[in-house]
Amino acid sequence: MNVLLLYPSFPKSFWSFEKTLALVGRQAMLPPLGLVTVAAILPQEWEYKLVDRNLREVTEAEWTWADLVILSAMIVQKADLLAQIQEAKRRGKRVAVGGPYATALPQEVLEVNADYLILDEGEITLPLFVEAIARHQPSGIFRAGGERPDVTTTPIPRFDLLEFDAYAEMSVQFSRGCPFQCEFCDIIVLYGRKPRTKAPEQLLKELDRLYELGWRRSIFMVDDNFIGNKRNVKLFLKELQPWMVAHQYPFSFATESSVDLANDQELMDLMVQCNFGAVFLGIETPDEASLTLTQKYQNTRDSLSDAVEAIARSGLRVMAGFIIGFDGEKSGAGARIVKFVEQTSIPTALFSMLQALPDTALWHRLEKEGRLRAKSSASGTQTTLMNFEPTRPLEEIAQEYIEAFWELYEPAKFLDRVYRHYRTLGTATYPKKGKGGKKEINWVIVRALLIICWRQGALRSTRWQFWRNLWNMGRYNPGGIAPYLSVCAQIEHFLEYRQIVRKEIEEQIAQFLAEKAKMNLEVKLKAAA
């Protein structure tokens, strides 16, 4: 069996960072971990080729070679996923589809004639698919029936199928699931509320494999809540730390976490000792009433600003997600989010309008209330209006969103937040890595840093601020200059992306208002008749 693993392209989004990645000669942030895990679970006597369409097109030779095409995608990749299914079917190929989007909305995938739907978690459903192939079954839908797999049985992903040089970071996964119950989140729908973790030695074998293949850069732990099972994550970190020392710190790590990380100093210290450099927090909003309504209770127990400061002072750069458009939200929510981000000096703030994701508690509540604007899925990007009727005017929310996004990524304010955040990080005690932890000079990185210095320190109005901050970084946190400049480089992406957000949201709101006016006119005409 010749299997073509096909990963659909992402539209331009908050995380795409095209202009920033171009500085260091990379094409995408992260590889398709799901597909290389699928390749490890499927029969190893089969032949595999992987094409990530974020890097390149499928060649004619690859299409001809393939007996079977397997695709996996998130909601944000929907458009290209459906297009590639249709292209594969046009070429007479059998097509199997899995992943979060197909699992949430299988009917939309069936409508473009996919042959097999391998839904839920692959450790359970891929063997069912293989059995069907052995029986020459021409189609099928394979589900786990509510069962959750033991991830300690998951094999080492087929990292050898990836084009390493194309990616800014590598992906690994330690756990699945999250113990919390946020109304808008689909993670607990897909993976459950009981976090399941790999064994420490199991994940260390994955790192061994990456090391053996020559990876020596950043790794993103793609867990949706890395600390969902604090006991197990501490056991893992206590085994990771001597591994990192023995291998002379070949990797740095980043991950996602709930804000209660701030309450566990031992855990934060362990992460820093293992060379974790950044963590993404789902803060969502500083409005406690909105957090309570959406059942994100874990964010209401302690001061969010104190949590951000505690994490940063421990040596972990904070990235955070924010959402506007919760039910009962009062006017000015966008400005309150900007104020919070400025006060806490969070450099990278993911900001979106609330979307009702399929099969979430929010989706079902809004469907029951008749408030969903479309039965199809949300887009998953930052340039799409809400897909339901909010409790305050949609046009008001959209305007606040545009203004807040524009202000968050105003260059002077962004660079100021980066500087203040790295000054806080500079107070932390980092692990002593010795000579082995020092990296050789990489001229691609040197060139990128020179370009950043030229653009931000000469061409733009931020020039004096840039050089003043860089000088002070050299005085107070010299070891943090390189990562500091790498975060400064993100503005190369956001300068363009905030314009895209403004343009596309304004166009959609104009269309929404025109449709609303037309409907109101039709109602008046009917009433008059």
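For every chain, the first residue of its written sequence is number 1, and the numbers climb from 1 along that sequence. Owing to the predicted nature of the model, reporting of local features is limited to residues with pLDDT of at least 70; listing and counting of side-chain atom pairs is limited to 80 or more, with chain, interface and lining totals taken over all residues. Side-chain numbers come from the whole structure's heavy atoms, not from hydrogens or water.

**Q** Which parts of the structure should I look at to understand the overall build of the protein?
**A** To qualify as a helix, a DSSP run of H or I must reach at least 4 residues; to qualify as a strand, a run of E must reach at least 2; elements of each kind are numbered from the N terminus. Looking only at helices and strands, the protein features 21 helices and 14 strands. The globule rule puts the C-alpha radius of gyration for 529 residues at 24 Å, and the 24 Å found for the protein is close to it. Each principal axis of the C-alpha atoms in the protein carries an extent, and together these give about 70 × 65 × 45 Å. For the protein, with 529 residues in total, the buried portion stands at 55%. In the protein, of all internal contacts separated by at least 6 residues, the share reaching a separation of at least 24 is 76%. A gap of 4 Å separates the mean positions of the 64 positive and 65 negative side-chain charges of the protein. When we talk radius of gyration, it's over C-alpha atoms, and the globule rule is simply 2.2 Å times the number of residues to the 0.38. Think of it in three bands: with a 1.4 Å probe and only protein chains considered, a residue is buried below 20% of the maximum accessible area for its type, exposed above 50%, and partly exposed in between. Note on contacts: a residue pair is in contact if any heavy atoms of the two residues lie within 4.5 Å. As used throughout, the charge tally considers Lys and Arg to be positive and Asp and Glu to be negative, leaving His and the chain termini uncounted. For this purpose, a charge sits on NZ of Lys, CZ of Arg, CG of Asp or CD of Glu.

**Q** Help me understand the packing of helix 19 (residues 463-476) against helix 20 (residues 481-488), please; the structure alone is not making it clear to me.
**A** A pair of packed helices can be characterised by two numbers: the angle between their axes and the separation between those axes. Only the stretch in contact is used when a helix axis is fitted, and all axes are lines through C-alpha atoms; the angle between N-to-C directions ranges over 0 to 180 degrees. Where helix 19 meets helix 20, the closest approach of the two axes is 10 Å, and the angle between their N-to-C directions is 155°. Comparing their axes, helix 20 and helix 19 come out roughly antiparallel. As for how helix 19 packs across helix 20, the hand of that crossing is right-handed. Along the contact surface, helix 19 presents F466, N469, L470, M473 and G474, while helix 20 presents I481, Y484 and L485. Class assignment of the residues belonging to the contact of helix 19 with helix 20 gives a composition of six nonpolar, two polar and no charged. Each angle gets one of four labels, with under 35 degrees taken as roughly parallel, over 145 as roughly antiparallel, 65 to 115 as roughly perpendicular, and the rest as oblique. Throughout, a crossing is termed right-handed when the near helix is turned clockwise from the far one, and left-handed when it is turned anticlockwise from it by less than a right angle. As a working rule, the residues Ala, Val, Leu, Ile, Met, Phe, Trp, Tyr, Cys and Pro are called nonpolar, Asp, Glu, Lys and Arg charged, and the rest polar, with Gly in that last group.

**Q** Just checking my understanding: could you explain the sheet that holds strand 7 (residues 170-172) for this structure?
**A** When DSSP locates at least two bridges between a pair of strands, those strands are taken to pair. Strands sit in the order 7-10-11-12-13-14 across an open sheet of six strands; the sheet is parallel. Looking at the sheet topology across the chains shown, the edges are occupied by strand 7 and strand 14 (348-353). Strand-to-strand twist in this sheet, taken as the mean axis angle between neighbours without regard to direction, amounts to 20°. Taken together, the three bridges between strand 7 and strand 10 (residues 218-221) define a ladder with parallel strand orientation. In the strand pairing of strand 10, S171 is matched with F220. Helix 9 (residues 200-212) rests against strand 7, strand 10 and strand 11 (252-257) of the sheet, and its axis sits at about 160° to strand 7.

**Q** When you look at the packing of aromatic side chains in this model, what are you seeing that I'm missing?
**A** How two aromatic rings sit relative to each other is given by the distance of their centres and the angle of their planes. Note on ring pairs: Phe, Tyr and Trp rings are taken, using the six-membered ring of Trp, and paired if centres are within 6.5 Å. Classes follow the plane angle, with under 30 degrees stacked, over 60 edge-to-face and the rest tilted. The final tally for this structure, using the stated rule, is 30 aromatic pairs. Considering the side-chain rings of F14 and F494, the 4.8 Å spacing of their centres and the 50° angle between planes classify their relative orientation as tilted. Note that F14 is positioned in the loop between strand 1 (2-7) and helix 1 (18-23) and F494 in helix 21 (residues 491-528), a separation of 480 residues in sequence. Here F14 matches F494 in class, with each residue buried. Relative to F236, the ring of F174 lies with its centre 4.9 Å away and its plane at 20°, an arrangement referred to as stacked. Of this pair, F174 sits in the loop between strand 7 and strand 8 (175-176) while F236 sits in helix 10 (residues 230-246), placing them 62 residues apart in sequence. An identical accessibility class is assigned to F174 and F236; each is buried. Counting every residue linked through ring pairs, the aromatic cluster contains F14, W15, F17, F280, F351, Y401, F405, Y409, F414, F494 and Y497. Two conditions define a charge located above a ring, namely a distance within 6 Å from the ring centre to NZ of Lys or CZ of Arg, and an angle within 35 degrees of the ring normal. Stacked on the ring of W65, the Lys or Arg K49 has its end atom at 4.6 Å from the ring centre.

**Q** So what exactly am I meant to see when it comes to the sheet that holds strand 5 (residues 116-118) here?
**A** Strands pair in a sheet through their backbones, by hydrogen bonds, and they do so in one of two ways: parallel or antiparallel. An order of 2-1-3-4-5-6 is seen for the six strands of this open sheet, with the pairing classed as parallel. In this open sheet, the two edge strands, each paired with only one partner strand, are strand 2 (47-52) and strand 6 (140-142). Within the sheet, the average angular offset between the axes of one strand and its neighbour, ignoring direction, is 20°. Packed on one face of the sheet, helix 4 (residues 78-90) meets strand 1, strand 3 (68-72) and strand 4 (94-98) and runs near 160° to strand 4.

**Q** Mind showing me how you'd approach the state of the cysteines here?
**A** One way to say it: the disulfide is the covalent bond shared by the sulfur atoms of two cysteines. For this text, the term disulfide refers to a pair of cysteine sulfurs within 2.5 Å. Applying the stated criterion across every chain yields a total of zero disulfides. Lacking any disulfide linkage, C453 is separated from the closest cysteine sulfur, that of C488, by 9.1 Å. Judged by its relative accessible area of 16%, C453 falls in the buried class.

**Q** Would you explain the pattern of salt bridges in this entry?
**A** Once their charged atoms are close, side chains differing in charge can pair, the charge on each being opposite to the other. Salt bridge, as used here: a side-chain nitrogen of Lys or Arg that lies within 4 Å of a carboxyl oxygen of Asp or Glu. Here the structure, examined in full by the defined rule, presents 42 salt bridges. Close ionic contact of D160 with R158 constitutes a salt bridge, the shortest N to O distance being 2.9 Å. Among the charged side chains, a network of salt bridges with common partners joins E121, E123, R148, R176 and R196.

**Q** Hey, could you run me through the packing of helix 9 against helix 10 in this one?
**A** Put simply, helix 9 and helix 10 touch, their axes get as near as 9 Å, and they point 35° apart. Considering how the two elements wind past one another, helix 9 and helix 10 form a crossing that is right-handed. Two secondary-structure elements touch here, helix 9 through P200, E201, L203, L204, L207 and D208 and helix 10 through L235, F236, E239, L240 and W243. Here the residues of the contact of helix 9 with helix 10 are counted per class, giving eight nonpolar, no polar and three charged.

**Q** In this structure, what is going on with the pairing of strand 11? I would like to understand it.
**A** Consecutive side chains of a regular strand alternate in pointing toward one face of the sheet and then the other. Relative to strand 11, strand 10 runs parallel, the two being bridged by four bridges. Counterpart to I219 in the pairing with strand 11 is F253. Pairing analysis gives five bridges linking strand 11 to strand 12 (residues 276-284), with the strands arranged parallel. Across the sheet, the residue bridging to T255 is V279, located in strand 12.

**Q** What is the right way to read the nonpolar core from this model?
**A** Side chains that are nonpolar tend, in soluble globular proteins, to be buried together. F129 and L240 are the most contacted members of the largest nonpolar core, which has 138 residues in total. When residues of this core are assigned to their parent elements, the largest contribution, eight residues, is made by helix 16 (residues 394-408). Counting residues in each nonpolar core, the second largest holds 25 residues, with A73, L82, L105 and L357 among its members. Residue types Ala, Val, Leu, Ile, Met, Phe, Trp, Tyr and Cys, when buried and joined through side-chain atoms within 4.5 Å, form a set referred to as a nonpolar core.

**Q** Even after reading the chapter, I still don't get helix 17 (residues 411-425), so can you show me in this structure?
**A** Residue pairs three or four apart in sequence face the same way in an α-helix, which turns once every 3.6 residues. For helix 17, with 15 residues, the first-to-last C-alpha span of 21 Å sits near the 21 Å given by 1.5 Å per residue. Along helix 17, the residues that are buried comprise P411, F414, L415, R417, V418, Y419, H421, Y422, T424 and L425. Two to three positions downstream of the cap, the backbone nitrogen of A412 sits 3.2 Å from a side-chain oxygen, assigning the N-cap of helix 17 to E410. To estimate how far a helix should reach, multiply one less than its number of residues by 1.5 Å. Between N or O atoms, a polar contact is any pair within 3.5 Å; within protein, one atom must be a potential hydrogen donor and the other a potential acceptor, and residues adjacent in sequence are included only when both atoms are from side chains.

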